[in-house]
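The lines below spell out each chain.
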Amino acid sequence: MSEQQGFTLWLTGLSGAGKTTIAKLVEAELKRRGVKVERLDGDIVRQSLTRDLGFSKEDRDKNIERVTFVAKLLSRNGIGVIASFISPYQKTRDMVRRETTNFIEVFVHASLEACAERDVKGLSAKAFAGEIENFTGVSDPYEEPVNPELVLYTERETPEESAERVIAYLEERGFIPTTEKVARSS
Ligand code: ADP
C-alpha cells in the first residue's frame, strides 16, 4: 500500500452520546488493518495535558486548542487521529478543521434524555438537579454540527453499526485499506 495519509476523525456530541465507545471500536479495527492510529479522549486528556482547565467557555476552548495542536502534528505526519471530545462550539470545531489534516467531523447523536438515562458517569442526575454548573446540554450550550461529514444516531444504531459506518467512510475517502485489499495483498 502507498504511504498512509493522516486524518483527524473528530467525534463530537453530548456526554454519554457514545463517542468513547465508538472511538475504541474504530481504533481496534484500524489497528487490525495495520493503520497507525492515536486516540485522544476528552476524559483522559483532561487528566493530563489539560488538567488545569475547567468547563467555562474559555477553558473548553483552551482544552480543544491544545488537543488541536497535538492532532495537527500527528495528522500531518501520516497518523490517523481519533479524537472524542464534547467540543460544543461550532466555531472551535471549524478551527480544528482549518488546523488539522483531512478533518472529518462526526456528530455522535443521542438525545439529552437518552444520555441522561445512560448516565455513564453518574453526572446527569446531578446536572438536572442543578448541582453541576456548565453541564453541556443542561446548563451549558451544545451547538449541533452544521455540516458534519457523518452523523451517527446511537439511539437506533448499535455501537458496532456506528463504528462500521465510520470505517466505511474512511475506506470511501481512501484513508484506510479496505479488507478486500488486505486479503488480496496477503
Ligand atoms: P461519551 O464518550 O460520548 O461521553 P461513552 O461512550 O462514554 O459516551 O458512553 C456511551 C454509553 O452509551 C456507553 O455505556 C455505551 O455502551 C452506551 N451505548 C448504547 N448504545 C450505543 C451506541 N449505539 N453507540 C455508542 N454507545 C452506545
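Just above, that's the structure.
Residues numbered from 1 in each chain as written. Predicted model: local features only at pLDDT ≥ 70, side-chain atom pairs only at ≥ 80, totals over all residues. Heavy atoms only, no water.

Digging into the site of the ligand
Item 1. Looking at the ligand, there are 16 residues lining it, with Gly16, Lys19, Thr20, Thr21 and Glu157 nearest.
Item 2. Residue glutamate 157 places a main-chain N or O atom 2.4 Å away from a nitrogen atom belonging to the ligand.
Item 3. Backbone polar atom of proline 159 to a nitrogen atom of the ligand: 3.3 Å apart, as the coordinates give it.
Item 4. Here the ligand loses 78% of its free accessible area of 570 Å² to cover by the protein chains.
Item 5. No other element matches helix 1 (residues 19-32), which puts four residues into the shell around the ligand.
Item 6. A per-class count over the shell around the ligand returns five nonpolar, seven polar and four charged. (Near = heavy atom within 4 Å. Polar contact = N/O pair within 3.5 Å; in protein donor to acceptor, adjacent residues only side chain to side chain. Areas by Shrake-Rupley, 256 points an atom, 1.4 Å probe, with all protein chains shown as cover. Helix = DSSP H or I, 4+ residues; strand = E, 2+ residues; numbered from the N terminus. Nonpolar A, V, L, I, M, F, W, Y, C, P; charged D, E, K, R; others polar.)

Points about the nonpolar core
Item 1. Leu9, Val26, Leu30 and Leu170 are the most contacted members of the largest nonpolar core, which totals 30 residues.
Item 2. Put simply, the parts of the chain that give this core at least two residues each are strand 1 (7-12), helix 1, strand 4 (103-109), helix 5 (112-118), strand 5 (150-153) and helix 7 (159-172).
Item 3. At five residues, helix 7 tops the list of elements feeding residues into this core.
Item 4. Beyond its immediate stretch of four places on either side in the chain, leucine 9 contacts Val26, Val81, Ile82, Ala83, Ile104, Val106, Val166 and Leu170. (Core = buried A, V, L, I, M, F, W, Y, C linked by side-chain atoms within 4.5 Å. Buried < 20%, exposed > 50% of the residue type's maximum accessible area, 1.4 Å probe, protein only. Contact = heavy atoms within 4.5 Å.)

Comments concerning the pairing of strand 4
One face of the sheet, then the other: side chains in a regular strand alternate in exactly this way.
Item 1. Of all seven residues that make up strand 4, six are buried, and the element is covered over most of its length.
Item 2. By the bridge criterion, five bridges tie strand 1 to strand 4 in an arrangement that is parallel. Across the sheet, residue tryptophan 10 finds its bridge partner in strand 4, namely glutamate 105.
Item 3. Across four bridges, the pairing between strand 4 and strand 5 is parallel. Each bridged residue has a counterpart across the sheet, and for histidine 109 the counterpart in strand 5 is tyrosine 153. (Pairing = 2+ DSSP bridges.)

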